[in-house]
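Residue strings, one per chain:
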Amino acid sequence: MSTNTEDLGRLLAVIGDEDTCVGFLLGGIGEVDEDRETNFMVVERDTTPKQVEECFKKFLRRPDIAIILINQVYADMIRPTVDAHSLAVPTVLEIPSKQHPYDSSRDSILKRAQRVISPPERHY
């Protein structure tokens, strides 16, 4: 039986605080590929926005990743890059963390969906 991700399907990737990453890893999403690349990044106090952005862009380029989960507080650190991503796959979902609640007004995917559902009003 093959264990290639192409045979098993595509992966979730996580960029988050330690609690978020540990929770998803315990749920079974963790993977290390043949190049020793993981599908998660634990963001710590000394992690820079540049490091978060580099990891995010790396996940966007990986063909084996279908969904990127990112704590909203870290998405805010790289907001222009997150907002610039417009492809359906990989889908980027912003999630809350223990310390920072979810704010729907800052979620780029939700903003896009609202524009589709609620087109601008016409003035006659």
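Residues numbered from 1 in each chain as written. Predicted model: local features only at pLDDT ≥ 70, side-chain atom pairs only at ≥ 80, totals over all residues. Heavy atoms only, no water.

**Q** What exactly am I supposed to notice about the environment of R61 here?
**A** Position of R61 relative to the elements: it lies in helix α3 (residues 49-61). For R61, a relative accessible area of 61% puts it in the exposed group. Between the C-alpha atom of R61 and that of P90, which follows or precedes it by 29 residues, the distance is 8.9 Å. (Helix = DSSP H or I, 4+ residues; strand = E, 2+ residues; numbered from the N terminus. Buried < 20%, exposed > 50% of the residue type's maximum accessible area, 1.4 Å probe, protein only.)

**Q** Would you take a moment to explain the nonpolar core for this structure?
**A** Side chains of a nonpolar character, in soluble globular proteins, are inclined to be buried together. In terms of nonpolar packing, the biggest core is built from 17 residues, with I15, V52, F56, F59, I68 and I70 touching the most fellow members. Where this core is concerned, the elements lending two or more residues are β1 (11-16), α3, β3 (65-71) and α4 (72-77). Counting residues per element, this core draws most heavily on α3, at four residues. In contact with F56, not counting residues within four places along its chain, are I15, I68, I70, I78, T81, V82 and V92. Formed by five residues, the second largest nonpolar core is a distinct cluster that contains V14, C21, I29 and I95. (Core = buried A, V, L, I, M, F, W, Y, C linked by side-chain atoms within 4.5 Å. Contact = heavy atoms within 4.5 Å.)

**Q** Would you take a moment to explain the pattern of salt bridges for this structure?
**A** In the structure shown here, the tally under the stated rule is seven salt bridges. The salt bridge partner of D19 is K98, with a shortest N-O separation of 3.5 Å. Here D19, found in helix α2 (residues 18-26), pairs with K98, found in the loop between β4 (91-95) and α6 (108-117); they are 79 residues apart in sequence, far enough to count as distant. On the accessibility criterion, K98 (69% relative accessible area) is exposed. Close ionic contact of E94 with R79 constitutes a salt bridge, the shortest N to O distance being 2.7 Å. (Salt bridge = Lys/Arg side-chain N within 4 Å of Asp/Glu carboxyl O.)

**Q** Quick question: what am I supposed to make of the sheet that holds β1 here?
**A** Spatial ordering of the open sheet is given by β2-β1-β3-β4, a layout of four strands whose pairing is parallel. One side of each edge strand has no neighbouring strand; the edge strands of this open sheet are β2 (40-42) and β4. Along the sheet, successive strands turn relative to each other by an average axial angle of 20°, direction set aside. As paired elements, β1 and β2 share three bridges and run parallel to each other. Considered in β2, the bridge of V14 is made with F40. (Pairing = 2+ DSSP bridges. Axes fitted to C-alpha atoms, helices over the stretch in contact; angles between N-to-C directions.)

**Q** How should the pairing of β1 be read in this particular structure?
**A** Taken residue by residue, a regular strand's side chains alternate between the two faces of the sheet. Of all six residues in β1, five are buried; the element is thus mostly enclosed. Note that β1 and β3 share five bridges and pair parallel. Within β3, the residue paired with L11 across the bridge is I65. Note on the crossover from β1 through α2 to β2: the handedness is right-handed. (Right-handed = clockwise from strand over helix to strand, strands pointing away.)

**Q** Quick question: what am I supposed to make of the environment of Q51 here?
**A** Within the secondary structure, Q51 is located in helix α3. A C-alpha to C-alpha distance of 9.7 Å links Q51 and M41, two positions ten residues apart in sequence. If we skip the residues at most four places from it in the chain, Q51 touches M41 and D46.

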